[in-house]
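# Chain and residue survey
Listed below are the residues making up each chain.
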Amino acid sequence: MKSSAEQGDGQAQITLGWIYCSGSAVPQDCAEAVNWWRKAAEQGIASAQNGVGWMYYLGHGVPQSYTEAFKWFLKAAQQGEVFGQYNVGEAFEYGQGVPHDDVAAYAWYSLAAEQASSPAIIRRDNLSRRLTLEQIAEARRRVGLFKPGNQSSPQI
């Protein structure tokens, strides 16, 4: 596994990151987990990008930073990764790493909800109770502009 990861195999890097994160076959080492996930994330693997985001969000193996977590969550979300989309929605809803923006949160939750994410459906529907019809329409307009994989698409 390690030799494949060292040769740049993204899936092996993700697996090795999980091994270090969990401490299942080696002593637990969150910094080493982040190291391997970051290698996969830099290859554009969305699940690894989201994983790196979580490590920054929690401060495991890296200094805790909502701003850095958001950066990685957004990379995953822009590729259509459901957990990244949910996490970006949550960041906007609570103003963690970005300014609070309920319209953006609703839009990102909506994208995750389109992929049958139950938590995103619940958060979006709860958020809708605080938004005006105009704000919901604006969020839906933004969702309509979103193209997965297009990192230059309009910021939701």
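For the structure, check the block above.
In this text the structure is predicted, and so the values were computed from the model without any measurement. Residue positions within a chain follow its written sequence, with the count starting from 1. Two thresholds apply to this predicted model, a pLDDT of at least 70 for residue-level local features and 80 or more for giving and counting side-chain atom pairs, whereas whole-chain, interface and lining totals are computed over all residues. As a convention, hydrogens and water are excluded, and side-chain values are obtained from all of the structure's heavy atoms.

### Description of the nonpolar core
How we decide: Nonpolar core, defined: a set of buried Ala, Val, Leu, Ile, Met, Phe, Trp, Tyr and Cys residues in which side-chain atoms within 4.5 Å join the residues together. Residue burial is assigned from relative accessible area. The probe radius is 1.4 Å, only protein chains are included, and a residue is buried under 20% of its type maximum, exposed over 50%, and partly exposed in between. Helix and strand assignments come from DSSP, with helices taken as H or I runs of at least 4 residues and strands as E runs of at least 2, each series counted from the N terminus. The contact definition used throughout considers only heavy atoms, calling two residues in contact when any of these lie within 4.5 Å.
Core analysis: the biggest nonpolar cluster contains 49 residues, and Trp 37, Phe 70, Val 88, Phe 92 and Trp 108 have the highest contact counts within it. At the level of elements, α2 (10–22), α3 (30–42), α4 (46–58), α5 (66–78), α6 (82–94), α7 (102–113), α8 (118–128) and α9 (133–145) are the ones that each hand at least two residues to this core. Examining the composition of this core, we find that 10 residues originate from one element, α7, more than from any other. Excluding anything up to four places from it in sequence, Trp 37 contacts Gln 13, Ile 14, Gly 17, Trp 18, Cys 21, Ala 48, Gly 51, Val 52 and Met 55.

### Details of the pattern of salt bridges
To keep it simple, the criterion reads: Salt bridge criterion: a side-chain nitrogen from Lys or Arg within 4 Å of a carboxyl oxygen from Asp or Glu.
On inspection of all chains with the given rule, the structure shows 8 salt bridges. A salt bridge links Glu 90 to Arg 123; the nearest nitrogen and oxygen atoms lie 3.1 Å apart. Pair noted here: Glu 90 is in helix α6 and Arg 123 is in helix α8, with a separation of 33 residues, a long-range link. With respect to burial, Glu 90 and Arg 123 carry one shared label: buried.

### Quick word on α2
We apply this condition: What a helix should span is 1.5 Å times the count of its residues minus one. Counted as a polar contact is a pair of N or O atoms within 3.5 Å, where, for protein atoms, one must be capable of donating a hydrogen and the other of accepting one, and residues adjacent in sequence contribute only when both atoms are in side chains.
Compared with the 18 Å implied by 1.5 Å per residue over 13 residues, the 18 Å span of α2 between its first and last C-alpha is a close match. Those residues of α2 lying buried are Gly 10, Ala 12, Gln 13, Ile 14, Leu 16, Gly 17, Tyr 20 and Cys 21. In the core, the buried residues of α2 are packed alongside α1 (2–6), α3 and α4. Where α2 begins, the side chain of Asp 9 points an oxygen toward the backbone nitrogen of Gln 11, at a separation of 3.0 Å. Gly 23 lies just past α2 and shows a positive phi near 70°.

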